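Okay, here's what each chain looks like letter by letter:
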Protein chains: 2
Amino acid sequence: MENNNYCVIMGGGIGSRFWPFSRVSKPKQFLDFFGTGRSLLQQTFDRFSKIIPVENIFIVTNELYTDLIREQLPELNSNQILLEPQRRNTAPCIAFASYHIRAVNPDANIVVAPSDHLILRENEFLLAVKTGLDFVENNNTLLTLGIKPNRPETAYGYIQADNNDNVIFKKVKTFTEKPNVELARVFYESGEFYWNSGIFLWNVNQIIDAFHLYLPEVASIFDAGKNIFNTPDEKAFINENFSASPNISIDYGIMEKAPNVHVLCTDVGWSDLGTWGALYDISEKDENNNATLKSNAMYYGSSNNIVTLSNSEKLAVIQDLDGYIVAESNNVLLICKKEDEQRIRQYVIDAQINYGDEYV
Amino acid sequence: MENNNYCVIMGGGIGSRFWPFSRVSKPKQFLDFFGTGRSLLQQTFDRFSKIIPVENIFIVTNELYTDLIREQLPELNSNQILLEPQRRNTAPCIAFASYHIRAVNPDANIVVAPSDHLILRENEFLLAVKTGLDFVENNNTLLTLGIKPNRPETAYGYIQADNNDNVIFKKVKTFTEKPNVELARVFYESGEFYWNSGIFLWNVNQIIDAFHLYLPEVASIFDAGKNIFNTPDEKAFINENFSASPNISIDYGIMEKAPNVHVLCTDVGWSDLGTWGALYDISEKDENNNATLKSNAMYYGSSNNIVTLSNSEKLAVIQDLDGYIVAESNNVLLICKKEDEQRIRQYVIDAQINYGDEYV
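First, a word on scope: everything that follows refers to the structure included in this document. (Residues numbered from 1 in each chain as written. Chains lettered and ligands numbered in written order. Predicted model: local features only at pLDDT ≥ 70, side-chain atom pairs only at ≥ 80, totals over all residues. Heavy atoms only, no water.)

So, the overall build of chain A
Helices and strands together make up the secondary structure of chain A, namely 11 helices and 17 strands. In terms of overall dimensions, chain A is globule-like: its C-alpha atoms have a radius of gyration of 21 Å, near the 21 Å expected for 360 residues. When its C-alpha atoms are laid out on the principal axes, chain A stretches across 60 × 50 × 40 Å. For chain A, the residues scored as buried account for 58% of the 360 residues in total. (Helix = DSSP H or I, 4+ residues; strand = E, 2+ residues; numbered from the N terminus. Rg over C-alpha atoms; globule rule 2.2 N^0.38 Å. Buried < 20%, exposed > 50% of the residue type's maximum accessible area, 1.4 Å probe, protein only.)

Structure (structure tokens):
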């Protein structure tokens, strides 16, 4: 029996927030943050491959990363790697994958997920995804995975759910941007709000319908090639037309507008690992709240630091630091205050100005 | 005409004060601190080879470092590398070299110098050494190179000179240990005191006479083999007898006791590079007093730091650090306060306790 469940892993990001650990040439999703031997992308793939046939898993990424994907996921055939010639945010990325998969299987139910998130409770997560895929097969709804918040986090968007609904699948009332501290506290305490994980589930026809309704300028581009998807001509078509798509997120373009959006409420130990701070929060810490990733470390009079050297053979000796990021990778060592990590982007720019592309 | 001038470079130290930059397997003298392409040992050799025939230059070192010496100084024949089977401080080291050189040339005048010091004004230094070698050829005196102090440094020993003497060669009144701050200030302001550089000049017969007078227990060991030096049996003799020598410095054993000691007063831009602080003091600094050795660095809100990564291809990005040592070398990153650098020895011990020999 054909399996109608598909997975799309979005792996084209080039985020510089984890510099110097992440580089343009090897961004976050390709890194093994915790020294487990598997990158975040590989972990994402491993996770979904437990409930979705490997041949039904697709990666959408930038052409730049073709070799990295092949190297890290040799299980994939080349027709499972969808290459974006330009970066156009999540809506065009998802449209591309949706049109492709519809050409493969017009009954496909799809879970779409970023390649660089962390899931600590895998069994709960996989159960939720299976339940969600069943739900979207039988309901005309766009489903987003909501995470029960465990703190008033200001780094995440929130989804307000209609608590009158069914326990697991709730109608979405509103999507919100990242809140300030006061608002985050209100959200957290209300019990109505969930973190927006950026993980979506839907039937392929429902999402393509939604593109026609809410992002017709995107849909028209892909409609022009609807008989070309999953044929040898697809690549040329994409290379010719993809850049015409507006740069827009699926949240802003569709999810915040469509009326038939539900949230699948979960508590799966999720983190988007979006910042050093997020990484610090979910990392194991010593008695002085120092988190050491991958490497060895000895701390003296130091607390609240996150320290990561490029490999497990290395030792950091840290004296009299409080609240710092110490990250060494390849040819860069970064030492900066955790609370100032938003300045890292500027450091990357400065490094490029001063030294060219050697360190970025 | 035979050249009677000889040089002995002492290169057996294993100091851990520059850990992790220096390691037991590759201590300070073998390191290229400033990224010039030549280690301190090589710089010392290069310097002396400008005024002393290469074949008259000897290195005394620990057996452990034979390969490093051969690699760094391929100009030397193996009979110019004198290998100590054990570490016994400077007096036995100098006795060994003196007995060996006397067997080569009984009229030798010798300059003895550590392998790991820095000399910034080479021409002045070489002129002083030449002048000093002439002086000891014609005078029965043990000569030590004194450095005109430029600050009340507490990390150096001082030599009090008799200012009634000749301008350059002054009779030594006293050797002093490292002074406290108040005393250092008195020394500095008096104009009578010079830093004790640990560089000595003498005729080979005068120093061997001094061993007989002031360190007879050392002299007797080497006298037992006096016909064996500079023969194929020397190595076996040394391996058999060297360990019997007491562990004692030439300063304590001879220089502080002998009456015929003069100081050659110089101002040659000398540093013993004994500590990170000393290295910091003599290093070029940016407008915020950050010293960057070998590598690239960008500083933000940071001052008074000394930063060195293992090679010139690397970049350090340092935010909000004041007065730190940041040193990365091979498999260790050290971050600690400059004022607490004496604790580094303990960190090395702790690293050995925790991880064995991997990091020491």
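Describing the environment of Ser39(A)
Residue and element names in this part refer to chain A. Within the element layout of this structure, Ser39 appears in the loop between strand S1 (5–10) and helix H1 (40–48). Of the residues examined, Ser39 reaches a relative accessible area of 2% and is grouped as buried. Linking Ser39 and Phe222, residues 183 residues apart in sequence, is a C-alpha distance of 32 Å. Contact partners of Ser39, with chain neighbours within four places excluded, come to Gln29, Phe30, Leu31, Asp32 and Gln72. (Contact = heavy atoms within 4.5 Å.)

Digging into the pairing of strand S9 (residues 193–203) of chain A
Residues and elements named next belong to chain A. With 11 of 11 residues buried, S9 is to be regarded as a mostly interior element. One ladder, built from 4 bridges, connects strand S4 (residues 109–114) with S9; its direction is antiparallel. Within S9, the residue paired with Val112 across the bridge is Phe200. Pairing of strand S6 (residues 142–147) with S9, which is carried by 4 bridges, proceeds in the antiparallel orientation. Pairing of Gly146 across the sheet is with Asn196, part of S9. Here 3 bridges tie strand S7 (residues 158–161) to S9, and the two strands are oriented antiparallel to one another. Each bridged residue has a counterpart across the sheet, and for Tyr158 the counterpart in S9 is Trp195. (Pairing = 2+ DSSP bridges.)

Remarks on the interface of chain A and chain B
Note on interface size: it is often stated as the accessible area lost on association of the parts. Taken residue by residue, the interface counts 36 residues in chain A and 36 residues in chain B. Taken together, both faces of the contact between chain A and chain B bury some 2,900 Å²; the carbon and sulfur share is 54%. The largest per-residue losses of area from chain A upon contact with chain B belong to Leu315(A), Gln319(A) and Leu333(A), which jointly make up 23% of the total buried on that side. Linking chain A to chain B there are 0 salt bridges. (Buried area = accessible area lost by both parts, 1.4 Å probe. Salt bridge = Lys/Arg side-chain N within 4 Å of Asp/Glu carboxyl O.)

Things to note about the packing of helix H3 (residues 90–104) of chain A against helix H6 (residues 204–214) of chain A
Residues and elements named next belong to chain A. Two numbers describe how H3 lies on H6: the axes approach to 10 Å, and their chain directions differ by 135°. The angle between H3 and H6 falls in the class oblique. Here H3 runs over H6; the crossing is left-handed. Along its contact with H3, which presents Ala91, Ile94, Ala95, Ser98, Tyr99 and Arg102, the element H6 presents Val204, Asn205, Ile207, Ile208, Phe211 and His212. Of the residues in the contact of H3 with H6, the class split is 8 nonpolar, 3 polar and 1 charged. (Axes fitted to C-alpha atoms, helices over the stretch in contact; angles between N-to-C directions. Parallel < 35°, antiparallel > 145°, perpendicular 65-115°, else oblique. Left-handed = near helix turned anticlockwise from the far one by under 90°. Nonpolar A, V, L, I, M, F, W, Y, C, P; charged D, E, K, R; others polar.)

Some words on the sheet that holds strand S12 (residues 291–293) of chain A
Read across the sheet, 6 strands follow the order S12(A)-S14(A)-S16(A)-S17(A)-S15(B)-S13(B) without closing on themselves; strand pairing throughout is mixed. Of all the strands in the sheet, just S12 of chain A together with strand S13 (296–300) of chain B have a single pairing partner and so form its edges. The sheet shows a mean angle of 10° between the axes of neighbouring strands, taken without regard to direction. Here 3 bridges tie S12(A) to strand S14 (residues 306–308) of chain A, and the two strands are oriented parallel to one another.

A word on helix H5 (residues 181–190) of chain A
For H5(A), the N-terminal capping position is held by Asn180(A), with its side-chain oxygen 3.3 Å away from the main-chain nitrogen of Glu182(A). At the C-terminal side of H5(A), Gly191(A) shows a positive phi close to 75°. (Polar contact = N/O pair within 3.5 Å; in protein donor to acceptor, adjacent residues only side chain to side chain.)

Some points on the packing of helix H3 (residues 90–104) of chain B against helix H7 (residues 216–223) of chain B
Residue and element names in this part refer to chain B. Orientation of H3 relative to H7, taken along the N-to-C sense of each, is 40°, at an axis distance of 10 Å. Of the two elements, H3 crosses H7, and the hand of that crossing is right-handed. For the pair H3 and H7, the contacting residues are Pro92, Ala95, Phe96 and Tyr99 in the first and Val218, Ala219, Phe222 and Asp223 in the second.

All quantities given are derived from atomic positions and should not be read as evidence of function.
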